[in-house]
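Structure at a glance
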Amino acid sequence: MIAGILGGMGPAATAEFYAKLIARTAAERDQDHLRVAIWADPTVPDRVAAVLDGSTDPYPALLAGAGKLRDLGASVVAIPCHTAHFFLPRLAADSGVPFVDMVAETAKFLAGRTGPVGLLGTRGTIAAGLYQRGVPEVEWALPSEAGQTAVDAAVAAVKRGDLTGGAAHFDRALADVDASLSVLACTELPLVARHASGVLDPTDLLADAVIRGCGGKPVDSRRPA
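Keep in mind it's a predicted model, so treat the numbers as computed, not measured.

1. Topic: the side chain of glutamate 188
Mapped onto the elements, glutamate 188 comes out in the loop between strand S6 (181-185) and strand S7 (199-200). Under the relative-accessibility criterion, glutamate 188 is labelled buried at 4%. Among the polar contacts listed, one links the side chain of glutamate 188 to the side chain of lysine 159, at a separation of 3.2 Å. Beyond its immediate chain neighbours, meaning those up to four positions away, glutamate 188 contacts Met9, Gly10, Ala13, Val155, Val158 and Lys159.

Structure follows, in structure tokens:
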């Protein structure tokens, strides 16, 4: 079986996700790991702008990328980009590609949890209500405008390669949310949340689902927070 990654949104987040697939697979040798096809297209138009005001249209590029992975024989496909999940139902229907839904995996993990959960993501992800509607049983705590601005700045810093500056912005964003657990609902944020406590990275859950979907075994000891 072949695991597909529809990535490039952004490139660092895609590389981080592939590293997670490797780290989270129970393996003793090279041959125990998954076969992986990565289509990383950083020219995909801005997903946040598409959701907020329709000024860009990433869908044709996403559909083309899904077709590339389908043609390569991908058995299970992951998109390590939260905002792109806005297009997932349409993309799955039009491409015929078997996608793993990162929001749905997060919903399974949070089932039965009580108390507020912070939600740190792009303005597109927040505005689309991907998690608010996808996991309605959770009491979501959203950042203030200042906190959201810090999230935006952290994401932008990662995209330009400034992880130190991004970490400082992320710390401010995390402190802004009144919750003991916060979901990192943007795939750039895990790159600047290395030492943060009380965070859940849905790409860990996505990686585990892909591993299982390809007949592999996730490493049990490396569970999300």
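2. Quick look at empty space enclosed by the protein
Applying the stated criterion across every chain yields a total of one cavity of 30 Å³ or more. Forming the walls of the largest cavity are Ala13, Glu16, Phe17, Lys20, Thr187, Pro190, Asp201 and Thr203. Sorting elements by how many residues they give to the lining of the largest cavity places helix H1 (residues 11-23) first, with four residues. When its residues are assigned to classes, the lining of the largest cavity shows three nonpolar, two polar and three charged.

3. Digging into the sheet that holds strand S5 (residues 139-141)
By definition, the strands of a sheet pair up through backbone hydrogen bonds, in either a parallel or an antiparallel sense. One open sheet holds the four strands; their spatial order is S5-S4-S6-S7, and the pairing between them is parallel. The two strands at the open ends of the sheet, each matched to only one other strand, are S5 and S7. Relative to S5, strand S4 (residues 116-121) runs parallel, the two being bridged by three bridges. Within the sheet, the bridge partner assigned to proline 116 lies in S5 and is glutamate 139.

4. Some points on the layout of surface pockets
A probe matching the size of a water molecule, rolled over the atoms, marks out where space remains unfilled. In this model, the largest pocket occupies a volume close to 300 Å³. Lining the largest pocket are 16 residues, and of these Asp46, Val48, Thr122, Val155 and Lys159 lie nearest its centre. At the level of elements, helix H2 (47-52) and helix H8 (145-159) are the ones that each hand at least two residues to the lining of the largest pocket. Per-element tally for the lining of the largest pocket: the top contributor is H8, with three residues. Of the residues contributing to the lining of the largest pocket, the split by class is six nonpolar, four polar and six charged.

5. A few points about the packing of aromatic side chains
Evaluation of the coordinates by the stated rule reveals three aromatic pairs. Arranged with centres 5.1 Å apart and planes meeting at 90 degrees, the rings of phenylalanine 86 and phenylalanine 87 form a pair that is edge-to-face. Residue phenylalanine 86 is classed as partly exposed on the basis of its relative accessible area of 39%. With centroids separated by 5.9 Å and ring planes inclined at 75 degrees, the aromatic side chains of tyrosine 131 and tryptophan 140 adopt a geometry described as edge-to-face. Given the relative accessible area of 0%, tyrosine 131 is considered buried. An aromatic cluster is defined as three or more aromatic residues linked by ring pairs; in this entry it consists of Tyr59, Phe86 and Phe87. Taking the ring centre of tyrosine 59 as reference, the NZ or CZ of arginine 90 above it sits at 3.6 Å.

6. Regarding helix H4 (residues 88-95)
Of the residues making up H4, those classed as buried are Leu88, Leu91 and Ser95. One side of H4 carries all its buried residues, which in axial view fall inside an arc of 60 degrees. Across H4 from its buried face, at more than 90 degrees, point the exposed residues Pro89 and Ala93. Buried residues along H4 sit against strand S1 (2-7) and helix H3 (59-71).

7. Notes on a nonpolar patch on the surface
A cluster of nonpolar side chains, namely Tyr18, Ile22 and Ile38, defines an oily patch on the protein surface of about 240 Å² accessible area. Tracing the backbone through its elements, the reader meets isoleucine 38 in strand S2 (residues 35-40). What makes isoleucine 38 partly exposed here is its relative accessible area of 39%.

Rules of the game
Residues numbered from 1 in each chain as written. Predicted model: local features only at pLDDT ≥ 70, side-chain atom pairs only at ≥ 80, totals over all residues. Heavy atoms only, no water. Helix = DSSP H or I, 4+ residues; strand = E, 2+ residues; numbered from the N terminus. Buried < 20%, exposed > 50% of the residue type's maximum accessible area, 1.4 Å probe, protein only. Polar contact = N/O pair within 3.5 Å; in protein donor to acceptor, adjacent residues only side chain to side chain. Contact = heavy atoms within 4.5 Å. 1 Å grid on protein atoms, 1.4 Å probe; cavity = no way out; pocket = protein on both sides within 12 Å on 5 of 7 lines; lining within 4 Å. Points joined across faces, edges and corners; volume = space filled by probe spheres on them. Nonpolar A, V, L, I, M, F, W, Y, C, P; charged D, E, K, R; others polar. Pairing = 2+ DSSP bridges. Phe/Tyr/Trp six-rings, centres within 6.5 Å; stacked < 30°, edge-to-face > 60°. Lys NZ or Arg CZ within 6 Å of the ring centre and 35° of its normal. Arc of directions from axis to C-beta. Patch = residues over 30% accessible without salt bridge, like charges linked within 9 Å, V, L, I, M, F, W, Y side chains within 5 Å. Areas by Shrake-Rupley, 256 points an atom, 1.4 Å probe, with all protein chains shown as cover. Salt bridge = Lys/Arg side-chain N within 4 Å of Asp/Glu carboxyl O.

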